[in-house]
Amino acid sequence: MTWQNWAGTASADPARRYWPRSTEEIAEAVLAAAEAGLTVRALGSGHSFSPAAVTSGAALDLSGWNGIVAADLESGLVTVRSGTTIRELNAALSILGLAMPNLGDIDAQTISGAISTGTHGTGARHGGLATAVAGLDLVLADGSVISCSADKNPDLFAAAAVSLGALGVISTVTLACVPAFTLAADERPMRLDEVLARFDEFAAGNEHFEFFWFPYGKNALLKRNNRIAGPGSAGAPRPMPSWRRFVEYEVMENAAFGALCRTGRRAPRLIKPLNKLAAATLSKRAYSGSSHEVFVTPRRVRFVESEYAVPIQDVLGVLAELRAGVARLADPVMFPVEVRVAAADDVWLSTGYGRENAYVAIHQYVGLPYQEYFRLFESIVTAAGGRPHWGKMHTRDADYFREVYPRFTDFLRVRDEMDPGRRFANPYLERVFGV
Ligand SMILES: Cc1cc2nc3c(=O)[nH]c(=O)nc-3n(C[C@H](O)[C@H](O)[C@H](O)COP(=O)(O)OP(=O)(O)OC[C@H]3O[C@@H](n4cnc5c(N)ncnc54)[C@H](O)[C@@H]3O)c2cc1C
């Protein structure tokens, strides 16, 4: 059966499939694939827009290798099996009174797929999900298992947390979790010009800040999530009533927005007015709840996406160029632009390596032309030294990454040590790491 990713931008027909349910079975699958002369790819939940998970060799479906292996409530260190989805992880952590310090927009990804591509949320004092990794166990090409952490095999650790499955198959991930906390969400429409003028204030003054902006509209949706009563507080949640949550998120953001998108796809000349209509329906919402319930929202309308991390001081210039360029596109854009922020980190291939970033993500509804828009975007963000999200669409190759990642050559050295025969190769890795 053909494998396809969520967005329909990548598909594959693996020669063999394996469903390992233990570290030993992962090792056996890797060795059996090697015996048959096949390359190996671990599958997450297929939520990358880039062809990162594509293979014509052996595909390892880890959906049966999930759940918590060990948890230390004192230190917050929790070890999970690599096929665990973030949704499963959040549910299990919640029972333990723990939480991930930060999350992205959805929870459908596996923990290993998410860290392997540098998945992130927002917050000027927070790194991406890989910065919560305290240790990893990897199955290598010869079937052996190697552990790494900041103290044990530190170079491998710095390389492995964001490594696109290029070094081996992650078997378990140890995460540094925090005590469960309550987030207060404040979401409101605001003039885009005001959001941009106060960008630094919003980024510095909120734990988690982001905004969405519909091209052609003058309004943005500003989202700010802050802890209630400090770190570790369980706070007093004021959840949004379930009927309102249904109307706001399922109806307005998914069903009604999906209907607008379908209308736009049938009649592209209506896209600009529909876009303005969507922006005009943005409403103020204030509620609070468990952190993972506030971070995560349902995303049922399918889209294609590209996202780059740019140095935070360059983001206003990047957005000004994008705003001017979008107005000149032949094919109109149906989806909003999303802007987030993140702290610097020390994971070699993390978009956050050594610098504070703003993330600019552009989207287009599936089935609408996106190539001209994405080309325009890429020309602007690469001029600013942008680093593409490894799991989203981009056209960069190894020569570019050598320039924008100071430890790129070190990563390639570790890859040569861990996988000299390129058992874990695929065409995407050949492009981004070189042949
Ligand atoms: C609707 C939607 C919303 C999204 N929101 C965000 C967001 O808010 N923030 C953000 O940063 N990104 C976001 N993304 C992107 C997404 O988080 C990443 O692409 C992520 O990698 C997907 O995880 P996955 O489990 O689907 O992995 P896959 O896409 O299946 O795989 C990704 C990579 O990980 C490798 N891999 C998987 N498991 C293992 C393993 N056990 N060992 C070694 N390698 C492995 C695969 O081989 C592949 O190279 C979003 C994507 C979608 C579709």
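Each remark here, short or long, concerns the structure printed above.
Residues numbered from 1 in each chain as written. Predicted model: local features only at pLDDT ≥ 70, side-chain atom pairs only at ≥ 80, totals over all residues. Heavy atoms only, no water.

Considering the site of the ligand
Then comes step 1: Surveying the vicinity of the ligand reveals 36 residues, the closest of which are A42, H47, S48, D105 and T117.
Then comes step 2: Here an oxygen atom of the ligand and a side-chain polar atom of T110 are 2.8 Å apart.
Then comes step 3: Here an oxygen atom of the ligand and a backbone polar atom of L164 are 3.4 Å apart.
Then comes step 4: For the ligand, whose free accessible area comes to 980 Å², the fraction covered by protein is 99%.
Then comes step 5: Listed by contribution, the elements that provide at least two residues to the shell around the ligand are β4 (40–43), α3 (111–116) and β11 (169–176).
Then comes step 6: For the shell around the ligand, the class distribution of residues is 12 nonpolar, 19 polar and 5 charged. (Near = heavy atom within 4 Å. Polar contact = N/O pair within 3.5 Å; in protein donor to acceptor, adjacent residues only side chain to side chain. Areas by Shrake-Rupley, 256 points an atom, 1.4 Å probe, with all protein chains shown as cover. Helix = DSSP H or I, 4+ residues; strand = E, 2+ residues; numbered from the N terminus. Nonpolar A, V, L, I, M, F, W, Y, C, P; charged D, E, K, R; others polar.)

Remarks on the environment of G391
Then comes step 1: Among the structural elements, G391 can be located in the loop between β20 (387–388) and α12 (398–404).
Then comes step 2: You can call G391 buried: its relative accessible area is 1%.
Then comes step 3: Between the C-alpha atom of G391 and that of A203, which follows or precedes it by 188 residues, the distance is 25 Å.
Then comes step 4: The residues contacting G391, other than those within four sequence positions of it, are S48, F49, S50 and T117. (Buried < 20%, exposed > 50% of the residue type's maximum accessible area, 1.4 Å probe, protein only. Contact = heavy atoms within 4.5 Å.)

With respect to the environment of E194
Then comes step 1: Here E194 shows up in helix α5 (residues 192–197).
Then comes step 2: The sequence separation of E194 and N219 amounts to 25 residues, and the corresponding C-alpha distance is 9.3 Å.
Then comes step 3: Engagement of the side chain of E194 in a polar contact is seen with the side chain of R198, the distance being 2.6 Å.

Describing empty space enclosed by the protein
Then comes step 1: Applying the stated rule across the entire model yields 2 cavities of 30 Å³ or more.
Then comes step 2: Looking at the largest cavity, its volume works out to about 140 Å³.
Then comes step 3: In terms of lining, the largest cavity is formed by 19 residues, of which the most central are D105, E210, N225, V294 and F295.
Then comes step 4: Listing elements by their share of the lining of the largest cavity, those giving two or more residues are β14 (208–213), β15 (219–227) and α9 (291–295).
Then comes step 5: It is β14 that contributes the most residues to the lining of the largest cavity, 3 residues altogether. (1 Å grid on protein atoms, 1.4 Å probe; cavity = no way out; pocket = protein on both sides within 12 Å on 5 of 7 lines; lining within 4 Å. Points joined across faces, edges and corners; volume = space filled by probe spheres on them.)

A short note on the nonpolar core
Then comes step 1: Counting 63 residues, the largest nonpolar core has M100, W390 and F433 as the members making the most contacts within it.
Then comes step 2: Excluding residues within four positions of it along the chain, F433 makes contact with L164, A166, L349, W390, A398, F408, F411, L412 and R415.
Then comes step 3: Judged by nonpolar contacts, the second largest core, of 59 residues, contains A203, V341, Y373 and I380. (Core = buried A, V, L, I, M, F, W, Y, C linked by side-chain atoms within 4.5 Å.)

Remarks on the sheet that holds strand β17 (residues 303–311)
Then comes step 1: Overall, antiparallel pairing links the 8 strands, which are arranged β16-β13-β15-β14-β18-β19-β17-β20 in an open sheet. Strands with a single pairing partner mark the edges of an open sheet, and in this sheet they are β16 (285–290) and β20.
Then comes step 2: Relative to strand β19 (residues 357–365), helix α10 (residues 315–326) is tilted by about 20°, and along the sheet it contacts β14, β17, β18 (337–342) and β19. (Pairing = 2+ DSSP bridges. Axes fitted to C-alpha atoms, helices over the stretch in contact; angles between N-to-C directions.)

Here we look at the pattern of salt bridges
Then comes step 1: For the structure on display, the rule yields 21 salt bridges.
Then comes step 2: Here R198 and E201 are joined by a salt bridge, their closest N and O atoms 2.8 Å apart.
Then comes step 3: We classify R198 as partly exposed; its relative accessible area is 27%.
Then comes step 4: The salt bridge involving E417 is made with R413; its shortest N-O contact spans 3.6 Å. In this pair, E417 and R413 both sit in helix α13 (residues 408–418), 4 residues apart, roughly one turn of the helix.
Then comes step 5: Linked through salt bridges whose partners overlap, the residues forming this network are D105, R299, E305, E307, E338, R340 and K392. (Salt bridge = Lys/Arg side-chain N within 4 Å of Asp/Glu carboxyl O.)

Details of the sheet that holds strand β9 (residues 133–139)
Then comes step 1: Read across the open sheet, the 5 strands follow the order β6-β7-β11-β9-β10; overall the sheet is antiparallel. Either end of the sheet is taken by a strand with one partner, and the two such strands are β6 (68–72) and β10 (145–149). Neighbour to neighbour, the strand axes of the sheet diverge by 15° on average, direction disregarded.
Then comes step 2: Where β6 meets strand β7 (residues 77–81), 4 bridges bridge the pair, whose relative direction is antiparallel. By the bridge assignment for β7, A70 is matched with T79.
Then comes step 3: Running at roughly 35° to β6, helix α2 (residues 86–96) makes contact with β6, β7 and β11 of the sheet.

The quantities given are spatial measurements derived from coordinates; they are silent on function.
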